Amino acid sequence: MKKVGRFLMRGLIAVVILALVLGAGGAFYFKSYLPNTVAKQSFPQIDGEIQITGLEGPVDVYRDSMGIPHIYAASAHDLFFAQGYVHAQDRFWQMDAWRHIGSGTLSEMFGSAQVETDTFLRTLGWRVTAEAEWEALGPDSRAILQAYTDGVNAYLKDHNGTALSLEYAILGLLSPDYKLEPWTPVNSLTWGKAMAWDLRGNMDEEITRAVLLKTLTPEQVDQLYPPYPEDHPVIVNKIGDGAAISAVPAAPTDPALLSALPLDSVQSNIALLDPLLGQLSDGIGSNSWAVSGKLTDTGMPILANDPHLGIQMPSIWYQVDMHCMPKSDACPFEMAGFSFAGVPGVVIGHNDRIAWGFTNTGPDVMDLFIEKVNPDNPNQYEVDGKWVDFETRKETVAVVGGEPVEVTVRLTRHGPVISDAYGPLKDQGDPKDKEFVPFKERTGIELPQQYVIALQWTALTPSTPFEAIWGFDKAQNWTEFRAAASNFHVPAQNLLYADVDGNIGYQMPGDVPIRKKGDGRFPVPGWNSEYDWTGYIPFEEQPYTFNPTEGYIVTANNQVPPRDYPYMVTSDWDYGFRANRILEMIQNAPGKIDIAYIQKMHGDAFDASAAAILPIWSEINYKAASPNEAYALDLMQKWDDQSTADSKAAAVYQQFWWNLDQNTFNDDLPERYAVSGGDKDFEVMRRLVQTPNDPFWDDRSTTDKVETRDDIFIASLVETVNQLEKDHGKDPAQWPTWGDLHTATFRNQTLGESGISLIEDLFNRGPFPTGGGKSIVNATGWSIGESFEVDWLPSMRMIVDLGNLNNSLTVHTTGQSGHAYSEHYADMAPLWASVQYYPMWWDQQSAIKDAEGHLVLKP
């Protein structure tokens, strides 16, 4: 059971005990009264008229057969006001939970067990940064946010508790003193910080590499983090006009210094946010590609996008269609696509002239600095030989049903001291313990007598991505799109573009630091200026391309710039297996590419690890020890490498890959840093199988022999067959397909993780059999060592036809509604699991014809 569920456990146990005491009455409450009566109280009105204070004129809201609102308003104010209103109608519990995450106020909602998480969030200072952003916004952006906020609050004025969402019925039992606050513009802006954290880049790798140096040599660590493959594509082969720039030299790594740092505790506390925002997993990413008209059946571009994010209920996306009626200079918005509930505008989608998609760039925008603390004055730290005072910020964590907790945040010139949230980082453990070894004896070196770890991160400098997004929403061409992109500071995204004039393009934006020294791969000393940032890569020199001669652009978190690009963006790119496969499918299309072929590409389940690993069996002299071993080996070797839901061979292979990856590496790694089976492991294994006697093949748990590649392959096959026989029987006909093992269950991120079935059954939906896997185009992630269950996924799939916008298709993961037991709560999930779509209506008459409701909001 995940931490986010554990913090509710005590209260939920009390609820369940109460239900048991009540007997049949308690079961009736959870299984009948809540779903059949209380849940319906929150279903929104979608027909008729509602009079609302604050509107300038009437607004029409048509909801199509999937529950998606199509909003038509005469002014920009009313358009965004209505968006806020419908977001609150459908998703306010999600909005409420998200704003408490963004502000570090979860304890106000769920009690004292969240103080630790809130303390870390307050240390990062997301809300403080968002407040500074609000003050710095121009009048147009403030007007958008204020209109949206007024729309949300117009709905809250007449709705509270279970009239907002079923979850408030449970929250009322757990936290009866919780008070709902009005929405504010800052609540919207904090979500930009949450998404920046979710897409934060390589800080986890920075910590992991440092920790691995405790037990591995620098050469072995480099072996586990190989360079980007020469045989996989980069996004931009040649940048447009660019100045000649000198490269920044990398700094030598000090293994003793880094191995001494007790970073395990830092990693543990960073993981506090994983249940809330999703784990940054090896191989997680997104796909997008644009194909020009010279390759399509219509002669016009097609743009495809599927962002990969953590699995959750409801979907992270809220689909919406918004139109100024008429469009004018005063009301320039006409757009359709995907928004965040809680934020105005369309994040990914299209308007009347252009379409755009996102994948994460993953630049290295976080550095950990080891700061030397004055041993005689803990309120000071060293800067270039001088002691300077820490800046401090006092925070009060309010706790529902409890006493407030005071927090002091210390800040250095690099950023907040994140180690204050974790306790002492020097000599961890009890000196009285006979196994305790002081820091100097452990490392053989003398570090500062006192030190802390500070985080420098671009997202803590005030800037919001939403200004750029509102610019995309109204951009009419490539020039205007790039101008908006120049305001996209963090999280840096691969911006894919296509337009109705037949153009395709790509732009990498974002604040990517330039370092005096070092490459950001490891924590560095902060007590001098040797490793400081000197600025950011200028936007004019960031990678872009427009109408490349190939006629296509592919982005899948793979390396962005040309291989001779002089700036360091990151050394931790996705290793490009998905990008390579997408490129192959475009280049090998059987004819002109149409939307049906794009759908096939979205659902492609080719596993590149199998293509590299299974041929090795031809080099291994092994006779199967049993008929089932022979069957399993034959099944894998004859397999087409497609991990589709109905494939039994895929199920056998993925179990084998689980065992092979663990048996090869886990005896060499600390438990917390065990293999995960994603793109990095794919690439490391692809290289390692070519060296049968590499020391990594040796099993350290055996002392009587030195294992080779062939030994580990055979042992992994034997283990796989034994597991299949144990779990599914000795008859291979009864062995599962991949979809039997690899299922998606959509869980409410708070109440759905409790471990209490009476609660979980109210909000969770699934399991749904799926195909795909890690570093596969149909990127349904799972975690080796834990479960085959999907833990992150294509959060939506979108195909935009620039020849006829009304012909575009899409789907997202669960349903449009956040209300359990609504017909639109999970109606998209079966479509998503089987890679099917529904129309992304653009023409007003199509939306009206498909409408299940027409609501008029009137002033």
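Once a new chain begins, its residue numbering starts again from 1 and follows that chain's sequence as written. Whole-chain, interface and lining totals are the exception, using all residues; otherwise, since this is a predicted model, local features are given only for residues with pLDDT of at least 70 and side-chain atom pairs are given and counted only at 80 or more. In computing side-chain values, all of the structure's heavy atoms are included and hydrogens and water are not.

**What about the overall build of the chain?**
- A tally of regular secondary structure across the chain gives 28 helices and 30 strands.
- For the chain, the proportion of its 859 residues judged to be buried stands at 63%.
- Under the convention used here, a 1.4 Å probe and the Shrake-Rupley method define accessible areas, while residue burial counts only the protein chains that appear. As presented, the chain carries roughly 31000 Å² of accessible surface, and 50% of it is formed by carbon and sulfur atoms. Strands are runs of DSSP state E lasting at least two residues, helices are runs of H or I lasting at least four, and both sets are numbered from the N terminus onward. Burial status follows relative accessibility: with a 1.4 Å probe on protein chains alone, a residue under 20% of its type maximum counts as buried, one over 50% as exposed, and anything between as partly exposed.

**Some thoughts on the nonpolar core**
- Nonpolar cores were defined as sets of buried Ala, Val, Leu, Ile, Met, Phe, Trp, Tyr and Cys residues, with membership established by side-chain atoms within 4.5 Å. If you look at the biggest cluster of nonpolar residues, it comprises 217 residues, and the most contacted ones within it are Phe340, Trp457, Phe472, Phe713 and Leu857.
- At 13 residues, helix H3 (residues 76-103) tops the list of elements feeding residues into this core.
- Any two residues whose heavy atoms approach within 4.5 Å at even a single point are treated as in contact. Apart from the residues lying within four places of it in its own chain, the contact partners of Phe472 are Asn351, Ile354, Trp356, Phe358, Phe481, Ala484, Ala485, Phe488 and Leu495.
- If you look at the next biggest cluster of nonpolar residues, it comprises 23 residues, including Val291, Val554, Ala579 and Tyr597.

**What to know about the packing of helix H16 (residues 465-474) against helix H17 (residues 478-485)**
- For helices, the axis comes from a line fit to the C-alpha atoms of the stretch in contact; other axes are also lines fit to C-alpha atoms, and the angle between any two N-to-C directions lies between 0 and 180 degrees. One can describe the packing of H16 onto H17 by two numbers: an axis separation of 8 Å at closest approach and a directional angle of 170°. Compared by their axis directions, H16 and H17 come out roughly antiparallel. Side by side, H16 and H17 meet where Ala468, Gly471, Phe472 and Lys474 of the first sit next to Glu480, Phe481, Ala484 and Ala485 of the second.
- Only Asp, Glu, Lys and Arg are considered charged in this grouping, and only Ala, Val, Leu, Ile, Met, Phe, Trp, Tyr, Cys and Pro are considered nonpolar; every other residue, Gly among them, is considered polar. When grouped by side-chain class, the residues that make up the contact of H16 with H17 number 5 nonpolar, 1 polar and 2 charged. Roughly parallel refers to an angle under 35 degrees, roughly antiparallel to one over 145, roughly perpendicular to one between 65 and 115, and oblique to any angle outside these ranges.

**Quick notes on the packing of aromatic side chains**
- Pairing of aromatic rings covers Phe, Tyr and Trp, the last through its six-membered ring, and needs centres within 6.5 Å; plane angles under 30 degrees mean stacked, over 60 mean edge-to-face, and all others mean tilted. Under the defined criterion, the tally for this structure stands at 43 aromatic pairs.
- With a centroid separation of 5.1 Å and 50° between ring planes, the pair formed by Phe481 and Tyr497 is classed as tilted. Linking Phe481 in helix H17 with Tyr497 in strand S16 (residues 493-499), this pair joins segments that are 16 residues apart in sequence.
- By relative accessible area, Phe481 is classed as buried at 0%.
- Of the residues examined, Tyr497 reaches a relative accessible area of 0% and is grouped as buried.
- Ring geometry for Trp658 against Trp782: centres 6.0 Å apart, planes inclined by 20°, an arrangement best described as stacked. Of this pair, Trp658 sits in helix H22 (residues 648-665) while Trp782 sits in strand S25 (residues 781-783), placing them 124 residues apart in sequence. As far as burial versus exposure is concerned, Trp658 and Trp782 are alike and both buried.
- Put simply, the rings of Trp356, Phe358, Phe472, Trp478, Phe481, Phe488, Tyr497 and Phe546 touch in pairs and so form one group of aromatic residues.
- Charges are assigned to positions over rings by a cutoff of 6 Å between ring centre and Lys NZ or Arg CZ, combined with an angular limit of 35 degrees from the ring normal. Across the ring face of Trp134, the terminal group of Arg142 is positioned such that the distance to the ring centre comes to 4.0 Å.

**Structural notes on the confidence of the model for the chain**
- What pLDDT reports is the predictor's confidence in each residue, on a scale of 0 through 100. When pLDDT is averaged across the chain, the result is 90; 88% of the residues are at 70 or more.
- Contacts for the low-pLDDT stretch residues 1-7, under 50 throughout, to residues beyond four places or in other chains number 21 contacts.
- Across residues 241-260, where pLDDT falls below 50, the model places 42 contacts with residues more than four positions away in sequence or in other chains.

**Looking at the environment of Thr664**
- Position of Thr664 among the secondary structure elements: in helix H22.
- Along the sequence, Thr664 and Pro695 sit 31 residues apart, while their C-alpha atoms lie 9.7 Å from each other.
- Residues contacting Thr664, with those up to four places away along its chain left out, are Met685, Leu688, Phe696, Trp697 and Ile712.
- Any pair of nitrogen or oxygen atoms within 3.5 Å is treated as a polar contact; in protein, a donor-acceptor pairing is required on top of that, and neighbouring residues in sequence qualify only through side-chain atoms on both sides. Within the structure, Thr664 has its side chain in polar contact with the backbone oxygen of Leu660 (distance 2.6 Å).

**Overview of the environment of Pro448**
- For Pro448, the position within the fold is in the loop between helix H15 (439-443) and strand S15 (451-457).
- For the pair formed by Pro448 and Lys372, sequence separation is 76 residues and the distance between their alpha carbons is 5.9 Å.

**Quick word on the state of the cysteines**
- Any cysteine sulfur atom paired with another within 2.5 Å is treated as part of a disulfide. Tallying each qualifying case throughout the model produces 1 disulfide.
- The disulfide partner of Cys324 is Cys331, and the gap between their sulfur atoms is 1.9 Å. Taking the sign of the torsion about the S-S bond as the criterion, the disulfide between Cys324 and Cys331, at about -80°, is left-handed. In this pair, the class of Cys324 matches that of Cys331, namely buried.

**Notes on the pattern of salt bridges**
- Should a side-chain nitrogen of Lys or Arg be within 4 Å of a carboxyl oxygen of Asp or Glu, the pair is scored as a salt bridge. In this structure the tally under the stated criterion is 31 salt bridges.
- Residue Asp364 pairs with Arg515 through a salt bridge whose shortest N-O separation is 3.3 Å. Here the residue Asp364 occupies a position in the loop between strand S9 (354-360) and strand S10 (366-372), and Arg515 occupies one in strand S18 (residues 513-515), the gap between them amounting to 151 residues. As far as the burial class goes, Asp364 and Arg515 line up, both buried.
- One salt bridge connects Glu382 with Lys372, and the closest N-O pair in it is separated by 3.4 Å.

**Describing the environment of Pro185**
- Along the chain, Pro185 falls in helix H9 (residues 185-198).
- Separated by 39 residues in the primary sequence, Pro185 and Gln146 place their C-alpha atoms 6.3 Å from one another.
- For Pro185, the contacting residues outside a window of four places in its chain are Trp134, Leu145, Gln146 and Thr149.

**Regarding H22**
- Over its 18 residues, H22 runs 26 Å from end to end, which matches the ideal 26 Å to within 8%, given 1.5 Å per residue.
- The N-capping residue of H22, defined by a side-chain oxygen 3.4 Å from the backbone nitrogen of Ala649, is Ser647. Given a helix with a known number of residues, its expected span is that number minus one, times 1.5 Å.

**Examining the side chain of Asp532**
- Assignment of secondary structure puts Asp532 in the loop between strand S19 (524-525) and strand S20 (533-536).
- For Asp532, the side chain forms a polar contact with the side chain of His414, separated by 2.8 Å.
- Not counting residues within four places of it along the chain, the set of residues in contact with Asp532 comprises Phe369, Arg413, His414, Ile514, Arg515 and Lys516.

**Describing helix H18 (residues 577-587)**
- The element H18 is extensively covered by neighbouring structure, given that 9 of its 11 residues are classed as buried.
- Elements in contact with the buried residues of H18: strand S4 (286-291), strand S5 (302-310), strand S22 (552-555), helix H19 (595-602), helix H20 (608-613) and helix H23 (679-688).

**Thoughts on the sheet that holds strand S21 (residues 544-546)**
- One open sheet accounts for 11 strands, arranged S1-S30-S2-S3-S6-S7-S8-S9-S16-S17-S21; its pairing is mixed. The open sheet terminates on both sides in strands that have one partner only, identified here as strand S1 (48-51) and S21. Strand-to-strand twist in this sheet, taken as the mean axis angle between neighbours without regard to direction, amounts to 15°.
- Between any two strands, at least two bridges found by DSSP are needed for them to pair. Of the strand pairs in this sheet, strand S3 (residues 69-73) and strand S6 (residues 318-324) are connected by 4 bridges, and their pairing is parallel. Across the sheet, Ala73 pairs through a bridge with Cys324, a residue of S6.
- Packed on one face of the sheet, H3 meets S1, strand S2 (59-63), S3, S6, strand S7 (334-339) and strand S30 (853-858) and runs near 155° to S6.
- Together, S7, strand S8 (348-351), S9 and S16 form the strand contacts of H16, whose direction differs from that of S9 by roughly 150°.

**Focus: the sheet that holds S15**
- If you walk across this open sheet you meet the 3 strands as S15-S10-S19, and the pairing is mixed. Lying at the two open borders of the sheet, with one neighbouring strand each, are S15 and S19.
- Sheet topology note: the S10/S19 ladder contains 2 bridges and is parallel. Across the sheet, residue Ile370 finds its bridge partner in S19, namely Pro525.

**Focus: the packing of helix H6 (residues 126-136) against H9**
- Contact pair H6 / H9: the axes reach a minimum separation of 8 Å and the direction vectors enclose 125°. Relative to H9, H6 is oriented oblique. With respect to the hand of their crossing, H6 and H9 are arranged in right-handed fashion. Side by side, H6 and H9 meet where Trp126, Arg127, Thr129, Ala130, Glu131, Glu133 and Trp134 of the first sit next to Pro185, Val186, Asn187, Leu189, Thr190, Lys193, Ala194 and Trp197 of the second.
- Looking at the contact of H6 with H9, its residues break down into 8 nonpolar, 3 polar and 4 charged. By definition, turning the near helix anticlockwise from the far helix through less than a right angle yields a left-handed crossing, and turning it clockwise yields a right-handed one.

**Notes on the pairing of S16**
- Extensive coverage of S16 is indicated by the burial of 7 of its 7 residues.
- Alignment of S9 against S16, held across 7 bridges, turns out to be antiparallel. The residue of S16 that forms the bridge with Phe358 is Leu495.
- The pairing of S16 with strand S17 (residues 504-507) spans 4 bridges and is classified as antiparallel. The residue bridging Leu496 from the neighbouring strand is Tyr506, located in S17.

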